Amino acid sequence: MKQLHVELGDRSYPIYIGSQLLNQADLYTRHIKSRQVLIVTNETVAPLYLDKVLQSLQAYQIETVILADGEQYKTLDTLGRIFDKLLVAKFSRNATLIALGGGVIGDMGGFAAACYQRGIAFLQIPTTLLAQVDSSVGGKTGVNHPLGKNMIGAFYQPQCVLADTDVLDTLDDRQLSAGLAEVIKYGLIRDADFFVWLEHSIDALRARDKNALAHAIEHSCRNKADIVAEDETETGVRATLNLGHTFGHAIETGTGYGAYLHGEAVAIGICQAAELSMRKGWLSRQDLERIIALVRRAGLPVIPPAALDSERFLELMAVDKKNLDGRIRLILLEKIGKATLPVYIDRTLLELTLNTYGRN
Ligand code: NAD
Ligand code: GLY
């Protein structure tokens, strides 16, 4: 097992990464401070892994809430079901919530934990590649609004992240590729050597080579933990983790949550951001082509949906947490391995990119 740390003073926590972790009761129990434990999961993950977790927690008063599966259910309404369960079971403020699932469950479970009685402890048990490399680490929690992705939420850190790499065996190939989008992101924003390693290892990752996956997860979490430790609430460098996300969130909202997986929308957004970076004169055409080639080889889409024209894109991109005073700000690339902080974008250049990239 590998153990990393997110260093945040008295809110620091470990990330455990390895095989067979769900069976190791001690890894959970050391972070649970009372008898009352609520497990939040969904109808896909529960039949696969809930029993394993329950077996590790036999000494506790356990409640479970099994939510419908899908990005379209990451809503305030669904959150209500978690609060109902906590209240009906008369859970106190020293209760612990365990989020067992992908990023949707982690984001909602974490937000419910942040809100219930103004904050109860929670543990992240991420079960998708995307959640293991990104969403379970760093304390961004929340839900979507019909008008904007992740627009309602809180920063709220877990007690620990437990990433059992064996659970990825049941993940389908499309979901595995979606996770790779966020892995590629780390190489692009701050780790050129990792990008080169990904160019060499992408086939092994898609073939689920255990060593390659373990390396990618550990390396991604290390990058994320360092960024979060430096800038927990995104006043600076943390924004670079949003490379491609303003385009991506527009795609997710504009096509209806769930049509594109989050990782797929981010993959397209990364390519759009890279194209814009080239048009700014920062990224070379050769590096743009390397990025698009790697994203494709990861099994991800690179072309934006035809249904979203530039006008609709701009309308959707106007609802984004990086924008200030209603003006769009984006993360771009100076080169592979170096992202900019949020930059205001000249509207003509943005429109040109939206009208030309992937449109012929
Ligand atoms: P997801 O949670 O919808 O999971 C993807 C699918 O895989 C679901 O159908 C799920 O039920 C299924 N699944 C989960 N684990 C499985 C397993 N082990 N075997 C088989 N099936 C399994 O999607 P995701 O890609 O994990 O997460 C995307 C979400 O994460 C988005 O809502 C996105 O906004 C959010 N996100 C948050 C952050 C953050 O910092 N908080 C970062 C990135 C993404
Ligand atoms: N996924 C973006 C962040 O955690 O900041």
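These lines cover the structure that appears in this document, whether it is placed above or below. (Residues numbered from 1 in each chain as written. Chains lettered and ligands numbered in written order. Predicted model: local features only at pLDDT ≥ 70, side-chain atom pairs only at ≥ 80, totals over all residues. Heavy atoms only, no water.)

### Observations concerning the nonpolar core
Tyr28, Ile291 and Leu350 are the most contacted members of the largest nonpolar core, which totals 98 residues. Residue contributions to this core peak at ten residues, all from helix H10 (residues 262–279). (Core = buried A, V, L, I, M, F, W, Y, C linked by side-chain atoms within 4.5 Å. Buried < 20%, exposed > 50% of the residue type's maximum accessible area, 1.4 Å probe, protein only. Helix = DSSP H or I, 4+ residues; strand = E, 2+ residues; numbered from the N terminus.)

### Side note on unusual backbone geometry
Glycine aside, residues mostly have negative phi angles, and peptide bonds mostly take the trans form. Positive phi is not limited to glycine here, since Gln20 has a value of about 65°. One can find Gln20 in the loop between strand S2 (13–18) and helix H1 (25–29). A residue is classified by how much of its surface remains accessible, and Gln20, at 43% relative accessible area, is partly exposed. Although it is not a glycine, Gln117 adopts a positive phi angle of roughly 50°. In this fold, Gln117 is placed in the loop between helix H4 (103–115) and strand S6 (121–126).

### Overview of empty space enclosed by the protein
Within this structure, the stated rule accounts for two cavities of 30 Å³ or more. Reported here for the largest cavity is a volume of approximately 80 Å³. Around the largest cavity sit 13 residues that line it, and Lys149, His249, Leu316, Val319 and Asp320 are the ones nearest its centre. Elements that contribute at least two residues to the lining of the largest cavity include exactly strand S8 (148–155), helix H9 (245–254) and helix H12 (310–317). The leading source of residues in the lining of the largest cavity is H9, at four residues. Taken together, the residues that form the lining of the largest cavity break down as six nonpolar, four polar and three charged. Counted as a void, the second largest cavity has a volume near 40 Å³. Along the walls of the second largest cavity sit Asn242, Leu243, Gly244, His245, Thr246, Phe247, Ala273, Leu330 and Ile331, which together make up its complete lining. Sorting elements by how many residues they give to the lining of the second largest cavity places H9 first, with three residues. (1 Å grid on protein atoms, 1.4 Å probe; cavity = no way out; pocket = protein on both sides within 12 Å on 5 of 7 lines; lining within 4 Å. Points joined across faces, edges and corners; volume = space filled by probe spheres on them. Nonpolar A, V, L, I, M, F, W, Y, C, P; charged D, E, K, R; others polar.)

### Re the site of ligand 2
Near ligand 2 you find Asp134, Lys140, Lys224, Glu234, Arg238 and Leu241, and these make up its full shell. With respect to ligand 2, the side chain of Lys224 contributes an N or O atom lying 2.5 Å from an oxygen atom. Take Arg238: an N or O atom from its side chain is 2.7 Å from an oxygen atom of ligand 2. Bound to the protein, ligand 2 loses 89% of the 200 Å² it would expose on its own. Looking at side-chain class alone, the shell around ligand 2 contains one nonpolar, no polar and five charged residues. (Near = heavy atom within 4 Å. Polar contact = N/O pair within 3.5 Å; in protein donor to acceptor, adjacent residues only side chain to side chain. Areas by Shrake-Rupley, 256 points an atom, 1.4 Å probe, with all protein chains shown as cover.)

### What to know about the packing of aromatic side chains
With the rule as written, the count across this model stands at two aromatic pairs. The interplanar angle of 15° and the centroid separation of 6.0 Å between the aromatic rings of Phe122 and Tyr156 together place this pair among those described as stacked. Taken together, the residues span a long stretch of sequence, with Phe122 in strand S6 and Tyr156 in the loop between S8 and strand S9 (160–164) at a distance of 34 residues. Owing to a relative accessible area of 0%, Phe122 belongs among the buried residues under this scheme. With a centroid separation of 5.7 Å and an interplanar angle of 10°, the aromatic rings of Phe194 and Trp197 are classed as stacked. A residue pair is termed a helical-turn pair when its members lie 3 or 4 positions apart in one helix, as Phe194 and Trp197 do in helix H7 (residues 192–206) at three residues. One Lys or Arg, Lys185, reaches over the ring of Tyr186 and ends 5.2 Å from the middle of that ring. Positioned above the aromatic ring of Tyr344, the side-chain terminus of Arg327 is 4.1 Å from the ring centre. (Phe/Tyr/Trp six-rings, centres within 6.5 Å; stacked < 30°, edge-to-face > 60°. Lys NZ or Arg CZ within 6 Å of the ring centre and 35° of its normal.)

### Structural notes on the pattern of salt bridges
Under the counting rule described, the total for this entry stands at 23 salt bridges. Of the charged contacts in the structure, one is a salt bridge between Asp26 and Arg30, with a shortest N-O distance of 2.5 Å. For Asp26, a relative accessible area of 46% puts it in the partly exposed group. For Arg30, a relative accessible area of 38% puts it in the partly exposed group. Note that Arg279 and Glu275 form a salt bridge whose closest N and O atoms lie 3.2 Å from each other. Of this pair, Arg279 and Glu275 both sit in helix H10, four residues apart, which is roughly one turn of the helix. (Salt bridge = Lys/Arg side-chain N within 4 Å of Asp/Glu carboxyl O.)

### What to know about the pairing of strand S7 (residues 140–145)
Looking at chain direction, S7 and S8 are connected through five bridges and run antiparallel. Its bridge partner being in S8, Lys140 is matched across the sheet by Phe155. Counting the residues between successive antiparallel strands, the hairpin from S7 to S8 contains two residues. (Pairing = 2+ DSSP bridges.)

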